[in-house]
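# Secondary and tertiary structure notes
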Amino acid sequence: MAKENTKSPDEMSFLDHLEELRWHLIRSVLAVIILATVAFVMSGFIFDTVIFGPSKMDFPTYRLFCEIATYLDFDSAFCADKLPFTIQSRTMGGQFSADIWTAIWVGFIVGFPYVLYELWKFISPGLHPNERRHSKGFIFIASFLFFMGVLFGYYVVAPLSINFLGTYQVSEIVLNEFDLDSYISTVRTAVIACGVLFELPIIIYFLTKVGVVTPEILKKYRKIALVVVLILSAVITPPDVTSQIIVAVPVIFLYQVSIYISKVVLKKEAKREKKAREKGLKKT
């Protein structure tokens, strides 16, 4: 195991920092591997219930949209008995490879708070005591936002994508027979992409702390950000307006929250600098 480093961050050399980072990365990777092993053992549940859940019409999202369509007296593809496609594995090692990589991704998602904890342990010694005190909730908030994004991706983006792409046909002659890797990639992309997108307030917080962004900059480029959000929504969702709006709305909301967070950070920085100046004046 790594020896406890008794040097202060100011006394540590570049090589000391690299050594410290190496052990944080090793512990993070080990945690992901352990969780991935557990996920591999539980692969039956993970695939049948979780991964293939959005491919079945009894999935909660489909039932909800079907009830809404029925209430509004609309015909909807969400009320079908079965999605018109099959999932196949066309390579010898396809299923084994899919099982291994899915277990690794599940290990990373579940172990995300611990990975953040190790990252925070590496970063926090370089912060001022006041900054460390005000950032105690970093791991909880960042993990909460990530898991919110994961759930949004799984219960909203993934089923919308699968339903649209699974029912889309250029002709009745062409059958939809999807490869296992393609199906898993669709679910994984929706889940991970939304998890990262929901980290926007945290990213803006740190960018504001280092002086890269300000509330004024965020407001100035709001329209450009809206276009970028719509482009990202188009990438991770099927090419229909409804799905893109459903994804774009929470991200735009998070962007507005990020502007507020940036304002709060700058106000606290201004107060801290004012107090520091007042103390300096008193000493003189």
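The text that follows walks through the structure, step by step, so that each part is easy to find.

About the cut-offs
- Residues numbered from 1 in each chain as written.
- Predicted model: local features only at pLDDT ≥ 70, side-chain atom pairs only at ≥ 80, totals over all residues.
- Heavy atoms only, no water.
- Disulfide = S-S within 2.5 Å.
- Helix = DSSP H or I, 4+ residues; strand = E, 2+ residues; numbered from the N terminus.
- Core = buried A, V, L, I, M, F, W, Y, C linked by side-chain atoms within 4.5 Å.
- Buried < 20%, exposed > 50% of the residue type's maximum accessible area, 1.4 Å probe, protein only.
- Contact = heavy atoms within 4.5 Å.
- Expected span 1.5 Å × (residues − 1).
- Salt bridge = Lys/Arg side-chain N within 4 Å of Asp/Glu carboxyl O.

## Quick look at the state of the cysteines
- Summed over the entire model, instances satisfying the criterion amount to one disulfide.
- Between Cys 66 and Cys 79 runs a disulfide, and the two sulfur atoms are separated by 2.1 Å. In this structure, the disulfide formed by Cys 66 and Cys 79 twists by about 115 degrees around the S-S bond and is classed as right-handed. With a gap of 13 residues between them, Cys 66 in helix α3 (residues 60-71) and Cys 79 in the loop between α3 and β1 (86-88) connect regions that are remote in the sequence.

## Describing the environment of Val 227
- Note on placement: Val 227 falls in helix α11 (residues 222-236).
- With 21 residues separating them in the primary sequence, Val 227 and Ala 248 have C-alpha atoms 9.8 Å apart.

## Remarks on the nonpolar core
- Counting 50 residues, the largest nonpolar core has Ile 51, Tyr 62, Phe 152, Ile 162, Tyr 183 and Ile 184 as its most contacted members.
- Sort the elements by how many residues they give to this core and helix α7 (residues 138-167) lands first, with 12 residues.
- Leave out the neighbours within four places in its chain, and Ile 162 touches Pro 54, Ser 55, Tyr 62, Leu 83, Phe 85, Thr 167, Tyr 183, Thr 186 and Val 187.

## A short note on helix α5 (residues 112-123)
- Taking 1.5 Å per residue as the helical rise, α5 with its 12 residues ought to reach 16 Å, and the 16 Å between its terminal C-alpha atoms agrees with that figure.
- Looking at α5, one finds that the buried residues are Phe 112, Leu 116, Glu 118 and Trp 120.

## Describing the pattern of salt bridges
- As enumerated under the stated definition, the model contains two salt bridges in all.
- With a closest N to O distance of 3.2 Å, Arg 27 and Glu 118 form a salt bridge. Here the residue Arg 27 occupies a position in helix α1 (residues 14-41), and Glu 118 occupies one in helix α5, the gap between them amounting to 91 residues. For the pair formed by Arg 27 and Glu 118, the shared burial category is buried.
- With a closest N to O distance of 3.9 Å, Glu 177 and Arg 90 form a salt bridge. Of the two residues, Glu 177 is situated in strand β2 (residues 177-179) and Arg 90 in the loop between β1 and α4 (94-110); the sequence distance between them amounts to 87 residues.

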